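Topology and contacts: notes
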Amino acid sequence: MQHTTNTPANHLIGTLAVSLLIAGVWRTAAWADGGQVRAVERHADLQVSVFTSPNPLRAGPVDVSVLVQDATTGEPIAETEIRVRLIPRSAHGAPIHALATASAATNKLLRAALVELPHAGWWDVEVSCIAARARTDVRFSMEAAAPLPRWLSVWPWFTWPLGVVILFAIHRRLVAQRHPIARNIRYPIARCC
Amino acid sequence: MSPTFDAFLRSWPFAPWLAATLTITAATYLRGWRGLHRRNPERWHIGRPIAFLGGLAALFLALASPIEPFAALLLQVHMLQHLLLMMVAPPLIWIGWPLVPLVRGLPEPIRTYWVAPLIRWRPLRQAFAFLTHPLTAWPLYVGATWFWHTPRFYDLGLSRDGWHLVEHMSFVASALMFWYPVVRPYPSRPRWSRWLLFPYLLLADVQNTLLAAWLCFSPFVLYPYYVQVPRLAGVSALADQATAGVLMWVPGSIAFLMPLFWIGVSYLFDTQRDGARRKVKQQPRPRVVPLPRLPIIDPPQHAPGAPAFDLLRFPVVGRFLRWRFARQFMQSLMIILAAIVILDGLTGPQLSPMNLAGVLPWIHWRGLLILGLLVTGNVFCMACPFTLPRTLARRWLPGGRPWPRALRSKWLAAGLVAIFLWSYEAFALWDSPWVTAWIAIGYFVAAFVVDSFFSGAAFCKYVCPIGQFNFVQSLVSPLEVSVRQPAVCATCRTKECIRGNGAIPGCGLQLFQPRKHGNLDCTFCLDCIHTCPHENVGILATVPARSLWSDPFRSGIGRLSRRPDLAALVLVLVFGAFANAAGMIAPVVAWQDRLRERLGNPPQLLVTTVCYFLAIIVLPLAAAGIAAALSRAWGALGDSWQTVVMRFSWALIPLGFGMWLAHYSFHFFTSFDTIVPAAQRFAADHGWNLLGEPMWLLACCRPPADWITNLQVLMLDVGLLFSLYTGLRIGESNTNSGGQALKVFAPWGCLMIVLFALGVWIVFQPMEMRGTLPAAG
């Protein structure tokens, strides 16, 4: 066996690079907090806004984000304790409790709680914000649709090899056109390593 | 600092794929640019990479900086994001003249043999020329701008994540096309007059001004989404919209008018240069060595005989591996771990997540083993603890007997692999620390007994199921123990690599280095490296799966196409990968339960045994037999179906490896910290309280992150592509024409796609979090 160049390592790096580039092109939308505004309520000096994502809302992982602001100045208030409670309207299923925190939020203005909605249907949501000066409760309802099949959100991840196969087929055809005599194409990568 | 601004500075989204993509793109560009800069420093000056990297940085800022999360709350920030995507990043990228550096930065074989024909493809070039022609690019750019700024579609982009992504992609794509004719990056050769750029840019500025003015002077909020969101820092929705309009108007106009100014100046400059050219024409023309117009089709630049990457020459690691006792050192560490596993398995609590025997072998060792095979090679066999006692005691052991001729094949090993896979599921080995400890003891005893009586590494070559797994999977590893310079071996008369040198034995697996191909049967024991007096054996880089593409005579093995036992081993391991993973997903478990009910509740062991027998014995035989029969029929092959199976079954290895990798790395990545409480518990039980109280929370199951599933699918993707390519190469090596090769390969390709689809389905199913505590715990 003859190792003549640093080609194998390069080839490996290239393979990795191409794989990552292809995967990177299909970067899905960032799973960030924010999303659809569900409720905005003012109580005393506080204004509380609640967002949910993804949009449209579906059973599965759901982000409930809360922005607490000073109602007068609009400045965000950091020292707050925010509890989120999701109660299914249907008889089955227990309520879900979660604490919304800044560490779980991408946007540091918000406090986020990542919860797993076990099933589709209507959910009553209660958000309690306890700041030094006041407590505000926000209530609203939201409907979660049935979750989409997982493959619908990740289809680019398992279909991109098809693109590679098509490119490979085009490549073979092009090479064969250039060298019509050499019908049995030999790949130099194998020889050079 | 205001709290809003402070929060803004700390709001960085996590975008690893974008970061990886941009980093690799930048590295590829810089690699290509460096070579071009050496050739022609004036043309490829430092400004090019600065501009290109600036463009990538603008993309990163737009999509993975605080701008991204705040764009949903403030229209002006969203406008800034769009400006970066449409007016900053694309022109900077083109100013970097990225086409040639990016192609040159690719590894030479990919560039020369794969990319170059595609780049030369006329329809692709024509499509690119059409899309970047001013009369096409302008309407596309303006159309994308106006389309997405109409209230209905702007709100659609804000309210639907998928549409937001489409919006950004269309912005970037149309802007790249728009700015291409303006910058005209090398080696573009436009056929239209540069004067066309004056109306091109002026009209673009006019439409931008109209849109910006609409935003600035509108008496009502155009985008209802921004009416709903809470206002920040007292900025009203209307004021926010006006500010966004100003941003679009002023910096946008500058972006369009600055190139106009630059083009005007360059026209003046070009006129002077033309005069200079005329003067130069009268002088005798110096002989110019033409540079290739498309450097991508350069012949390979490397000198023949240049060394491949050699792990033994790598700093620190190479020095360690060259140390005579490196292997024994690694084995000693592993034997300590094995002793701990045995001790804890026999004496510790019989709950898998709490016991090191339930955690270390089944989560960490398996995960690291497969990852080691992926990034290096057969590192587990190199550090195998089971063979250390017999190595140390070899001088006092009888040994010397040859391994029975009847057993000199892989049939026994293939059977043991099948039994191991079956017993893992049938007796839930992973769930019993006690049984795990006894398996480890059994391994030590078996290795010691077999190698006490028989010469060489009989246990490794003919018995060890783990070894067989490693041998087969390491065929797709990137490193291989191999000869550095074949010419040196041709002059060698002493052959220490196979005979030994007195102090160190030769290869116990009868692999003669000059005739060794691939990693099959190689334990990475490094004896050949230490014995070679010419220092001509290294751990060299190789193309993964390359050794499967041809079927030469292999030392200690023979030809793959004449070894039914090896083909059987490969099929058991490939189908075992899918059966092993499928055995722990909810739909398969439920299906087994239903089947058991229908059959009148026979013992679970019987159902599992029948299922496994079908999955790893009958199904592989049937699938490979049908594929071979179709290969023979379609490709008019004269070989027997057994020969076809023996040849093509090897092409399934990369896909099988992908499945093992996806499965084992899943458990490793989701449960790697289970070792912490188990180690704390073990230490506390033995009177060492240094590690503190066990943090049992870490032993609890966690839902797998999305990136793990994506990574699993990526592993299967790459495995499929390698398998398809390997199958095609095998087909070509057995036929006389490309068409016939395709026909011969087609049934195997279909089998690979079916297995791939099965693998993708498996990774999307809820998988048992074996080795972890239940959530309630």
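Conventions we followed
- Per-chain numbering applies: the sequence of each chain, read as written, is numbered from 1 onward.
- Here chains are named by letter from A upward and ligands by number from 1 upward, in the order in which they appear as written.
- Residues qualify for local features only when their pLDDT is at least 70, as the model is predicted, and side-chain atom pairs are given and counted only at 80 or more; totals for whole chains, interfaces and linings, by contrast, use all residues.
- Runs of H or I in DSSP of at least four residues are treated as helices and runs of E of at least two as strands, each being numbered from the N terminus.
- Burial is judged by counting other C-beta atoms within 10 Å of a residue's own C-beta: 20 or more means buried, 12 or fewer means exposed, and anything between counts as partly exposed, with every C-beta placed from the backbone.
- Criterion used throughout: strands pair if DSSP finds at least two bridges between them.
- Axis geometry follows a simple rule: fit a line to the C-alpha atoms, using only the stretch in contact for helices, then measure angles between N-to-C directions, giving values from 0 to 180 degrees.
- The pLDDT value tells you how sure the predictor is about a given residue, anywhere from 0 up to 100.
- Working definition of a contact: two residues with C-beta atoms, positioned from the backbone, lying within 7 Å.
- Residue ranges labeled as domains rest on an automatic or database domain assignment.
- Angles below 35 degrees are treated as roughly parallel, those above 145 as roughly antiparallel, those between 65 and 115 as roughly perpendicular, and all remaining angles as oblique.
- Each crossing is labelled by how the near helix is turned from the far one, with a counterclockwise turn of less than a right angle marking it left-handed and a clockwise turn marking it right-handed.
- Polar here means any residue outside two lists: the nonpolar Ala, Val, Leu, Ile, Met, Phe, Trp, Tyr, Cys and Pro, and the charged Asp, Glu, Lys and Arg; Gly therefore counts as polar.
- By definition, a nonpolar core groups buried Ala, Val, Leu, Ile, Met, Phe, Trp, Tyr and Cys residues that are joined through C-beta atoms within 7 Å.
- Each residue after the first adds 1.5 Å to the expected span of a helix.
- Directions are taken from the helix axis to each C-beta atom, and the arc is the one they span.

Scanning chain B for helices and strands turns up 34 helices and 2 strands. With respect to the three principal axes, the spread of C-alpha positions in chain B is 95 × 75 × 60 Å. Every one of the 777 residues in chain B was classed for burial, and the buried ones make up 44%.

Before going further, it helps to examine the sheet that holds strand E8 (residues 135–144) of chain A. All names here are of chain A. Across the sheet, which stays open at both edges, the 4 strands sit in the order E5-E4-E7-E8 with antiparallel pairing between neighbours. Edge positions in the sheet fall to strand E5 (96–100) and E8, since each has one partner strand and no second. Strand-to-strand twist in this sheet, taken as the mean axis angle between neighbours without regard to direction, amounts to 20°. Here 10 bridges tie strand E7 (residues 121–131) to E8, and the two strands are oriented antiparallel to one another. Note on E8: the bridge partner recorded for Val-127 is Val-138.

As a further point, take the sheet that holds strand E6 (residues 111–117) of chain A. Residues and elements named next belong to chain A. As summarised here, the arrangement of the 4 strands in space is E1-E2-E3-E6, forming an open sheet in which the pairing is antiparallel. Looking at the sheet topology across the chains shown, the edges are occupied by strand E1 (36–43) and E6. Put simply, the sheet's adjacent strands are angled 20° from each other on average, direction ignored.

All names here are of chain B. Scored by pLDDT, chain B has a mean of 88; 93% of the residues are at 70 or more. Across residues 285–305, confidence stays below pLDDT 50; counting only partners more than four residues off in sequence or on other chains, it has 18 contacts. Reported confidence for the predicted complex is 0.76 by ipTM and 0.76 by pTM.

Once the domains are mapped, chain B shows domain 1 (3–275), domain 2 (311–385 + 413–449 + 456–548) and domain 3 (560–764). Taking the mean C-alpha position of each, domain 1 of chain B and domain 3 of chain B sit 44 Å from one another.

In this section: the confidence of the model for chain A. Residues and elements named next belong to chain A. With 74% of its residues at a pLDDT of 70 or more, chain A shows a mean pLDDT of 76. Between residues 1–16, whose pLDDT stays under 50, and residues either more than four places distant or in other chains, the model counts 46 contacts. Under a pLDDT of 50 for its full length, residues 21–32 has, in the predicted model, 28 contacts with residues more than four places off or in other chains.

Below, the discussion takes up the packing of helix H29 (residues 604–635) of chain B against helix H34 (residues 738–764) of chain B. Residue and element names in this part refer to chain B. At a minimum axis distance of 8 Å, the contact between H29 and H34 shows a crossing angle of 160°. Looking at the two axes, H29 sits roughly antiparallel to H34. Pair H29 / H34 crosses with right-handed handedness. Every residue of H34 that contacts H29 at Ala-623, Ala-627, Leu-630, Ser-631, Trp-634 and Gly-635 is listed here: Gln-740, Lys-743, Val-744, Ala-746, Pro-747, Trp-748 and Leu-751. Class assignment of the residues belonging to the contact of H29 with H34 gives a composition of 9 nonpolar, 3 polar and 1 charged.

Residues and elements named next belong to chain A. Where strand E4 (residues 80–88) lies against E7, 9 bridges are found, and the strand directions are antiparallel. Bridging from a neighbouring strand, Arg-83 pairs with Ser-128 of E7. Relative to E5, E4 runs antiparallel, the two being bridged by 5 bridges. Looking at the pairing, Ile-82 lines up with Ala-100 of E5.

Two elements in contact, helix H2 (residues 150–178) of chain A and helix H7 (residues 108–119) of chain B, have axes whose closest approach is 9 Å; the angle formed by their N-to-C orientations is 80°. For the element pair H2 of chain A / H7 of chain B, the angle class is roughly perpendicular. Seen from H2 of chain A, the contacting residues are Leu-167, Ile-170, His-171, Leu-174 and Val-175 of chain A; seen from H7 of chain B, they are Trp-114, Pro-117 and Leu-118 of chain B. Its residues placed into classes, the contact of H2 of chain A with H7 of chain B shows 7 nonpolar, 1 polar and no charged.

The subject of this paragraph is the environment of Arg-390 of chain B. Residue and element names in this part refer to chain B. Along the polypeptide, Arg-390 turns up in helix H19 (residues 388–393). The spatial distance from the C-alpha of Arg-390 to the C-alpha of Phe-669 is 34 Å, given a sequence separation of 279 residues. Once residues lying within four places of it in the same chain are set aside, the contact partners of Arg-390 are Ala-447, Phe-448, Asp-451 and Ser-452.

Now for the environment of Trp-148 of chain B. Residue and element names in this part refer to chain B. Note that Trp-148 resides in helix H9 (residues 134–149). Its 19 C-beta neighbours within 10 Å are what place Trp-148 among the partly exposed residues. On a C-alpha basis, the gap between Trp-148 and Ser-170 in space is 9.3 Å, while along the polypeptide they are 22 residues apart. If sequence neighbours within four positions are ignored, Trp-148 has contacts with Phe-153, Tyr-154, Gly-157 and Glu-167.

Right, let's talk about the nonpolar core for a bit. Of all hydrophobic cores here, the largest spans 127 residues; its most connected members are Val-417, Leu-569, Val-570, Val-572 and Ile-653 of chain B. Looking at which element gives the most residues to this core, the answer is helix H27 (residues 564–582) of chain B, with 15 residues. Taken together, domain 2 (311–385 + 413–449 + 456–548) and domain 3 (560–764) of chain B each give at least three residues to this core, which thus spans both. Among the nonpolar cores identified, the runner-up in size contains 94 residues, and Val-48 of chain A together with Leu-80, Ile-93 and Leu-158 of chain B belong to it.

Turning to H9 of chain B, a few remarks are in order. Residues and elements named next belong to chain B. A rise of 1.5 Å per residue sets the reference length of H9, with its 16 residues, at 22 Å; its end C-alpha atoms lie 22 Å apart and thus fit the reference within 8%. Among all positions in H9, only Pro-134, Ala-137, Trp-138, Tyr-141, Ala-144 and Thr-145 are buried. Each buried residue of H9 lies within a common arc of 140° when the element is viewed along its axis, so the set occupies one face. The exposed residues of H9 that point more than 90 degrees off its buried face are Leu-135, Pro-139 and Gly-143.

Here we come to helix H23 (residues 465–473) of chain B. Among the 9 residues in H23 of chain B, 8 count as buried, and that is most of the element. Tucked inside the fold, the buried residues of H23 of chain B contact helix H17 (356–375), helix H18 (379–382), helix H20 (411–426), helix H22 (458–463), H27 and helix H31 (653–671) of chain B.

Residue and element names in this part refer to chain B. Structurally, the position occupied by Phe-153 is in helix H10 (residues 151–159). With 65 residues separating them along the chain, Phe-153 and Val-88 place their C-alpha atoms 23 Å apart. Residue contacts for Phe-153: discarding those within four places in its chain leaves Phe-147 and Trp-148.

Time to look at unusual backbone geometry. Cis peptide bonds are those with omega within 30 degrees of zero, and the linkage from Ser-53 of chain A to Pro-54 of chain A qualifies with 10°. Inspection of the secondary structure puts Pro-54 of chain A in the loop between strand E2 (46–53) and strand E3 (60–70). Residues Tyr-186 of chain B and Pro-187 of chain B are joined by a peptide bond in cis, for which omega reads 10°. Locating Pro-187 of chain B in the fold gives a position in the loop between helix H11 (161–183) and helix H12 (197–217). One non-glycine residue, Gln-510 of chain B, lies in the positive phi region at around 60°. Its place among the elements puts Gln-510 of chain B in the loop between helix H25 (496–499) and helix H26 (527–531). Of note, Glu-535 of chain B is a non-glycine position whose phi angle comes to about 50°, a positive value. With respect to the element layout, Glu-535 of chain B can be found in the loop between H26 and strand E2 (537–541).

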